[in-house]
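Chains, contacts and geometry: an overview
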Amino acid sequence: MTISVFLLDDHEVVRRGIAQLLETEDDIVVVGEAGTAAQALARIPALRPDVAILDVRLPDGEGVSVCREVRSSVEPAPACLMLTSYSDEEALFGAIMAGAAGYLLKQVAGVDLIGAVRTLAGGGSLLDPQATAQVLQRLRRGDEPVDPRYASLSPQEQRILDLIADGLTNRQIGAQMYLAEKTVKNYVSSLLGKLGFARRTEAAVYATERRHADGRSGPS
């Protein structure tokens, strides 16, 4: 059986390198690729690949958000393999929460990447059981229920969400957090996607409600 693969990475050279590597195998074919989250979300539903290899960090969001979206909206859902340049506990946490089946560093050997694609296509997983257990433990804060959507946000995204609830604009958030306005915009798009909101005002209401539930009534 031929395994169809979709590639998402904002670096064309990386995409081409992975595509050339995979297509040396008789049982693997690259059916599509994208350089942004938006492109991937538009193309994956039409192509319905068996495996989607997703870069974690993208210019317009995160591969984790793409993973979550396609896992919930595409039938049959592709097995998602997250690929990143850096070992990042938050990204790993987000990947597990989003339903990813694998998480690898880009320094992975070519033969191991090929093996990973075959493993995921066969229904296997490349997530460390210990890391998965840590995620589940992180979700258990005493007897209090934890919203997995909020738990999937990185610390940076949680901070920006708080500032949105304070009524700050992207420019004001950037000034306070020493980030470019465009970077803040990308973070906002990412956190909206993770929370399942279409509008900034929905996120502000959500964050305010969390504050009240936590006993916080004002800006953090």
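Our subject is the structure that appears above.
From a predicted model like this one, the values you see are computed outputs, not experimental measurements.

1. Re unusual backbone geometry
A cis amide bond, omega -5°, links glutamate 75 with the succeeding residue proline 76. Position of proline 76 relative to the elements: it lies in the loop between α3 (63-73) and β6 (79-84). Residues other than glycine seldom take positive phi values, yet arginine 48 does so here, at roughly 50°. Looking at where arginine 48 falls in the secondary structure, it is placed in the loop between α2 (37-47) and β3 (51-55). Classification of arginine 48 by relative accessible area gives partly exposed; the value is 43%. Even without a glycine there, the phi angle at tyrosine 178 is positive, about 60°. Within the fold, tyrosine 178 resides in the loop between α9 (170-177) and α10 (181-195).

2. A word on helix α8 (residues 155-165)
Residues of α8 that are buried include every one of Glu157, Ile160, Leu161, Asp162, Leu163 and Ile164, and no others. Just beyond α8, the residue with positive phi is glycine 167, at close to 90°.

3. Things to note about the pairing of β6
Of all six residues in β6, six are buried; the element is thus mostly enclosed. By the alternation rule, side chains of β6 split into Ala79, Leu81 and Leu83 and Cys80, Met82 and Thr84, which are all buried. One ladder, built from five bridges, connects β3 with β6; its direction is parallel. Considered in β6, the bridge of alanine 52 is made with cysteine 80. Here four bridges tie β6 to strand β7 (residues 102-105), and the two strands are oriented parallel to one another. Directly across from leucine 81, in β7, lies its bridge partner glycine 102.

4. Topic: the sheet that holds β6
Strand-to-strand pairing in sheets goes through backbone hydrogen bonds, with the strands running parallel or antiparallel. Pairing in this open sheet of five strands is parallel, and the strands run β2-β1-β3-β6-β7 from one edge to the other. Each edge of the sheet is formed by a strand with only one pairing partner; in this case those strands are β2 (28-34) and β7. Taking each pair of neighbouring strands and ignoring which way they run, the sheet shows an average axis angle of 25°. Bridge analysis of strand β1 (residues 3-8) against β3 gives four bridges, and the strand direction is parallel. Bridging across to β3, leucine 8 finds its partner in leucine 54.

5. Notes on the packing of aromatic side chains
Here the distance between the centres and the angle between the planes together describe a pair of aromatic rings. This structure, assessed with the given rule, holds one aromatic pair. With 5.6 Å between their ring centres and 65° between their planes, phenylalanine 197 and tyrosine 206 make a pair best called edge-to-face. Residue tyrosine 206 is classed as buried on the basis of its relative accessible area of 9%. Between the NZ or CZ atom of arginine 210 and the centre of the ring of tyrosine 150, over which it lies, the distance is 3.6 Å.

6. Here's the deal with the pattern of salt bridges
Counting across every chain of the model gives nine salt bridges. Here lysine 194 ties to glutamate 62 by a salt bridge, and the two come within 2.9 Å at their closest N and O atoms. Of this pair, lysine 194 sits in helix α10 while glutamate 62 sits in strand β5 (residues 61-62), and the two are 132 residues apart along the sequence. Of the residues examined, glutamate 62 reaches a relative accessible area of 16% and is grouped as buried. The partner of glutamate 157 in a salt bridge is lysine 194, and the shortest N-O contact between them spans 2.8 Å.

Calculation notes
- Here the residue numbers are simple positions, counted from 1 along each chain's written sequence.
- The model is predicted, so local features are restricted to residues of pLDDT at least 70 and side-chain atom pairs to those at 80 or more, both for listing and for counting; the totals for chains, interfaces and linings are taken over all residues.
- The side-chain figures draw on all heavy atoms in the structure; neither hydrogens nor water molecules are used.
- Secondary structure elements are defined from DSSP: runs of H or I of at least 4 residues count as helices, runs of E of at least 2 residues count as strands, and each element is numbered from the N terminus.
- Type-normalised accessible area, obtained with a 1.4 Å probe on protein chains alone, sets the label of each residue: buried when under 20%, exposed when over 50%, and partly exposed for intermediate values.
- Pairing between strands is defined by DSSP: at least two bridges between them are needed.
- Geometry is summarised by axes, namely lines fitted to C-alpha atoms with helices restricted to the contacting stretch, and by angles between N-to-C directions that run from 0 to 180 degrees.
- When two rings of Phe, Tyr or Trp (its six-membered ring) have centres within 6.5 Å they constitute a pair, described as stacked for plane angles under 30 degrees, edge-to-face for angles over 60, and tilted for the intermediate range.
- Charge-over-ring contacts are defined here by two conditions on Lys NZ or Arg CZ: a distance within 6 Å of the ring centre and an angle within 35 degrees of the ring normal.
- Each reported salt bridge corresponds to a side-chain nitrogen of Lys or Arg within 4 Å of a carboxyl oxygen of Asp or Glu.

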